[in-house]
Amino acid sequence: MNTNAFALRHIGPRENDIKEMLQTVGAESIEQLIYETIPSNIRLEKDLDLDDAMTEYEYSTHINNLSKLNKTYKTYIGLGYHPTILPAVIQRNILENPGWYTAYTPYQAEIAQGRLEALLNFQTMITDLTGMELANASLLDESTAAAEAMSLLFAVRERAQKKDNVIKFFVSDAVLPQTISVLKTRALPIGIDLVIGDETTFDFSSEYFGAIVQYPGKNGQITDIKSFISKANENNIKVAVAADILSLIKLEAPGQFGADVVVGTTQRFGIPMGYGGPHAAYFATKEAYKRDIPGRIIGVTKDANDNRALRMALQTREQHIKRDKATSNICTAQVLLAVMAGMYAVYHGPKGLKFIANKIHNSASTLASTLSNMGLEQVNTSYFDTLQVKANAAKVKEVAENNEVNFFYEDDNTVLISINETTSISDLNEIVKIFAEAENKKAIEISELSETNNIDTNLNRTSDFLTLDVFNSYHSETELMRYIKKLERKDLALNHSMISLGSCTMKLNAASEMLPLSQTNWGSIHPFAPVDQTEGYQKVLKALEDQLTEITGFAATSLQPNSGAQGEYAGLMVIKAYHESRGDHHRNICLIPSSAHGTNPASAVMAGMKVVVTKADENGNIDVEDLREKAELHAENLSALMVTYPSTHGVYESAIKDITKIIHDNGGQVYMDGANMNAQVGLTNPGNIGADVCHLNLHKTFAIPHGGGGPGVGPICVAKQLAPFLPGNPVIKTGGDNAITAISAAPFGSALVCLISYGYIKMLGAEGLRASTEIAILNANYIKHRLQGAFETLYSGERGRAAHEMIIDCRPFKANGIEVTDIAKRLMDYGFHSPTVSFPVAGTMMIEPTESESKAEMDRFCDAMISIRKEIDAVTKEDENNPLKNAPHTLDMLTNDEWLLPYSREKAAYPLEYVKENKFWPSVRRVNDAYGDRNLICTCAPIEEYMEA
């Protein structure tokens, strides 16, 4: 065995396993299997043009050398990003822990109670600090959260406002520039008229349905949002506030003033800047808007024993169900980062957070008075952490950069200085010396911090926050370490067993790919740092763009979209811009197959398009004639087709080239959803198939971990004609020559985790990438054959092969009284997370093993499924007291003195021998979803508050 080959560590089956598996599936070789699976007319004729694969050791040296090209200057730029101190106990036990970062979104609540509790802590933290009634479990970044707030306020306009076509939305010019750019992107397609201006002179006209203000403003000045919100409320204008989460320790909560939505980022709660992300944004609102809130909400419910349990609430809001009627296309969160930010609050508690906020404010106040005493003008009259100093910006910049310090230079005569939790008295003196040299002043030395309050008294915080026990109990490292471990033990992640979720690609997230994320030279870089200080990032990001461009067969790539749904939206907006550049403003019809992922129609509507659904035939493929008919019918206005390949049914459709030609012949562009790219890499690609743009899920195909529900990265790769329209950024130049406005806040989206995908491709190389795709297909077909006779595969290709995933039909078991959900819950007793349930076909399971799973693990899974099938055969509709209906079985049940079930404890908990060796215990019994939605509780309040009378 070549111990230098990363591919051998990444790919699960060994050489002798592959031979056995090929024999099982009835193929003489991998090549024969691929020939029988992928249509020959779309196969690549040559290997990918990528660098030779590196060993893990070579890559470690390589990425470390690149990190040294980044200049880690002291950073006071602000604008929504700040240096932080990540407590080591959180870094070691969450960020670097596969028990946290390899878990999936907690759809199976019984084996996800740990991160659900951590997210409930996060939601409680947000509602406390913002003074709102309801918060979600995080969004992608502050700017997209602000855009979601605008969309929500537009959706909840009063009937009279809708009737009168009230479409104006006021944006304070003190809002962050990246947020204004994203608001522009999102407003136009859905018919919102954005008006940007000075909030102090806003006239509160009835032409406006909503407004957004920044608290504190981008330049640090804290305006009187209390009066603004009061006047807005009097004039039936709803208000969103973009608030600095750390400032809310000292500033009164916007909810106390009557705000309708409060958004922001929790990056300041210990999360590295990482050149722009990932960070967990927050979104808080009134309970009256609970059906319109974007993203995921964690709620309290009870399990089958009436014990407290947690789960995702109000899932009927999600795109899988509401599709083009969804309020948002957001289908993910930033769970890993939200967990970390929540733990930051748990670790420090209210007293610790007050200490940090006071130190920052006192540092800013002390610096302001010192600079004023030196004869410099500091403009801000009420501020938390950011000073606005009048000076020769060019001279200050020269001296500052010579001293390895970054400020933000608003104009030729204004320098912004944002103080952060890392700032020391020594740092303050360095800043003083820089200004003294630049302005030819005598420096005044700071020896201690003054405790002057420079916040308007009517905005000082008086309301309590973080009073619950969880925020006042774990302040030693030992206690927090044990609390984190207690939660981790409740969750099933990839470090326990295979997670075969179809359409999710839960592959290995290799340690060698993950390690650089902890390096200061990558984590401490501000996204708006001068480009010449970020050479390491520039090299990695440009190389990754080139790698992805080559892999997809396109001409250019943008890394800016920071989730798959954002990638979908970005791709459609680029298509829209292309049509408009040709004068085709009327092209607004988007064809979407009935089997498409629910985010597709939601994204199309957000892009201002009208969705026309095309049929599927009895084999689950796109009905080509129906597609042709609708493309020709709408030829005058056809904008795009959204198509997933292989299809969401797990099949390579042989007519795909005919399909893309039909769209092009009728004036449209083809958007390919990259959810199933793990079945294409190295064997075919979207460009070869005839697509014009695709988004990729780096958190699926390219090894970024799912993090329990985020982070994700959704770059778009485009054909030559679309490249000029790739998204830009208002602060750092990115994108095409005719770039659309920003899709997300940071120029390169979640740049830090892009290191993972860069490493994945560098260590696999062309040969390893192709082998990964081949083994992903082999693994899926192996499971398909192992389950034959026990479960019917719903769809297969023309030669009877599955792609990288397959759908098994569980609907016949209704005759025995068994639903697909019962099978999902019973799998927990066998130590497995369920495959994807009821998507894309109700009553089915979609199984995707990925290339990383070994034959032994897949055999355990298949043995479990076959055993469950035998259990199904042994029950009837009338017999509801059975192992499937009672699943999952908890340790509490098994150790209880009373056992009244008609089967043994061993049957319940140890149905197969292998389970005894590595038992995973669900921490609650089956959760009651309906009860949780009827009694919506989304904070970690004491149990007495949600117990029924």
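Just above sits the structure.
Scope of this entry: the structure provided in the associated data block. Nothing here was measured: the structure is a model prediction, and the numbers come from that model. Per-chain numbering applies: the sequence of each chain, read as written, is numbered from 1 onward. Local features in a predicted model are, by the rule used here, given only for residues with pLDDT of at least 70; side-chain atom pairs are given and counted only at 80 or more, and totals for whole chains, interfaces and linings are based on all residues. The side-chain quantities take in all heavy atoms of the structure and omit both hydrogens and water.

1. Considering the overall build of the protein chain
Of the regular secondary structure elements, the protein chain holds 30 helices and 26 strands. For the protein chain, the spread of C-alpha atoms along the three principal axes comes to 85 × 70 × 65 Å. Exposure classes here rest on a 1.4 Å probe applied to the protein chains alone. A residue is buried below 20% of its type maximum, exposed above 50%, and partly exposed in between. Residues counted as buried form 65% of the 949 residues belonging to the protein chain. With 87 positive and 117 negative side-chain charges, the protein chain shows a spacing of 2 Å between the two charge centroids. Secondary structure follows DSSP: runs of H or I at least 4 residues long count as helices, runs of E at least 2 residues long count as strands, and numbering of each begins at the N terminus. Think of it this way: Lys and Arg go in the positive column, Asp and Glu in the negative one, and His and the chain ends go nowhere. Just so you know, the charge point we use is NZ for Lys, CZ for Arg, CG for Asp and CD for Glu.

2. So, the sheet that holds strand β21 (residues 693–696)
For two strands to be treated as a pair, DSSP must find no fewer than two bridges joining them. Here we have 7 strands laid out as an open sheet, ordered β16-β22-β21-β20-β19-β17-β18, and mixed in their pairing. Edge positions in the sheet fall to β16 (556–558) and β18 (610–614), since each has one partner strand and no second. Strand-to-strand twist of the sheet, defined as the mean angle between neighbouring strand axes without regard to direction, takes the value 25°. Fitted lines through C-alpha atoms give the axes, limited to the stretch in contact for helices. The angle between two N-to-C directions lies from 0 to 180 degrees.

3. Considering helix α10 (residues 177–187)
Counted residue by residue, α10 has 9 buried out of 11 residues, so it is predominantly covered. For α10, the set of buried residues is Q178, T179, I180, S181, V182, L183, T185, R186 and A187. We call two residues in contact when some of their heavy atoms are within 4.5 Å. The inward-facing, buried residues of α10 contact α8 (142–155), β3 (168–172), β4 (193–197), β5 (208–215), α20 (564–581) and α21 (599–606).

4. A word on the nonpolar core
Most often, soluble globular proteins have nonpolar side chains that are buried together. Residues enter a nonpolar core if they are buried and are Ala, Val, Leu, Ile, Met, Phe, Trp, Tyr or Cys, with the set joined through side-chain atoms within 4.5 Å. One finds M343, F407, I417, F435 and I823 to be the most contacted residues of the largest nonpolar core, which totals 231 residues. When sequence neighbours within four positions are dropped, the list of residues in contact with I823 reads F791, C810, F813, I818, M845, M865, I868, I872 and L884. Formed by 36 residues, the second largest nonpolar core is a distinct cluster that contains A146, F209, A281 and L936.

5. Notes on the pairing of strand β20 (residues 669–674)
Among the 6 residues in β20, 6 count as buried, and that is most of the element. Across the two faces of β20 the burial is the same, with Q669, Y671 and D673 and V670, M672 and G674 all buried. Crossovers are marked right-handed if the path from the first strand over the helix to the second runs clockwise, as seen with the strands pointing away from the viewer. Regarding topology, helix α23 (residues 656–665) serves as the crossover connection from strand β19 (residues 638–644) to the parallel β20, and that connection is right-handed. Where β20 and β21 come together, 4 bridges link them in parallel fashion.

6. A closer look at the sheet that holds strand β25 (residues 836–837)
Strand order in the open sheet formed by 4 strands is β23-β24-β26-β25, and the pairing between neighbours is antiparallel. Each edge of the open sheet carries a strand with a single partner, namely β23 (792–793) and β25. One ladder, built from 2 bridges, connects β23 with strand β24 (residues 806–809); its direction is antiparallel. Across the sheet, residue E792 finds its bridge partner in β24, namely D809. Contacting β25 and β26 (844–847), helix α26 (residues 820–829) runs over the sheet at an angle of about 45° to β26.

7. Some remarks on the state of the cysteines
Note on terminology: pairs of cysteine sulfur atoms within 2.5 Å are recorded as disulfides. On inspection of all chains with the given rule, the structure shows 0 disulfides. With no disulfide of its own, C810 lies 14 Å from the sulfur of C862, the closest cysteine sulfur. Relative accessible area serves as the criterion here: at 2%, C810 is assigned to the buried category. A relative accessible area of 0% means that C862 is categorised as buried.

8. Examining the environment of H649
Checked against the element boundaries, H649 lands in the loop between β19 and α23. Expressed as a C-alpha distance, the spacing of H649 and L794, which sit 145 residues apart in the sequence, is 8.3 Å. Sequence-distant contacts of H649, that is, excluding residues within four places in its chain, are made with S595, G620, Y795, I807, P840 and V841. Under the rule applied, a polar contact is a pair of N or O atoms within 3.5 Å (in protein, one hydrogen donor and one hydrogen acceptor; residues adjacent in sequence only if both atoms are side-chain atoms). A distance of 2.6 Å separates a polar atom in the side chain of H649 from the backbone oxygen of G620.

9. Regarding the packing of aromatic side chains
Stacked, tilted and edge-to-face pairs are distinguished by plane angle, under 30 degrees for stacked and over 60 for edge-to-face with tilted covering the rest, among Phe, Tyr and Trp rings (Trp via its six-membered ring) whose centres lie within 6.5 Å. Summed over all chains, the structure comprises 26 aromatic pairs. Relative to F228, the ring of F204 lies with its centre 5.1 Å away and its plane at 55°, an arrangement referred to as tilted. Within this pair, whereas F204 is found in the loop between β4 and β5, its partner F228 is found in helix α11 (residues 225–234), the two being separated by 24 residues in sequence. A residue is classified by how much of its surface remains accessible, and F204, at 10% relative accessible area, is buried. Each ring, one from W899 and one from Y903, has its centre 6.2 Å from the other, and the planes form 85°; the classification is edge-to-face. With respect to burial, W899 and Y903 carry one shared label: buried.

10. Quick look at the side chain of D260
Along the chain, D260 turns up in the loop between β6 (238–243) and β7 (261–265). The class of D260 is buried, set by a relative accessible area of 3%.

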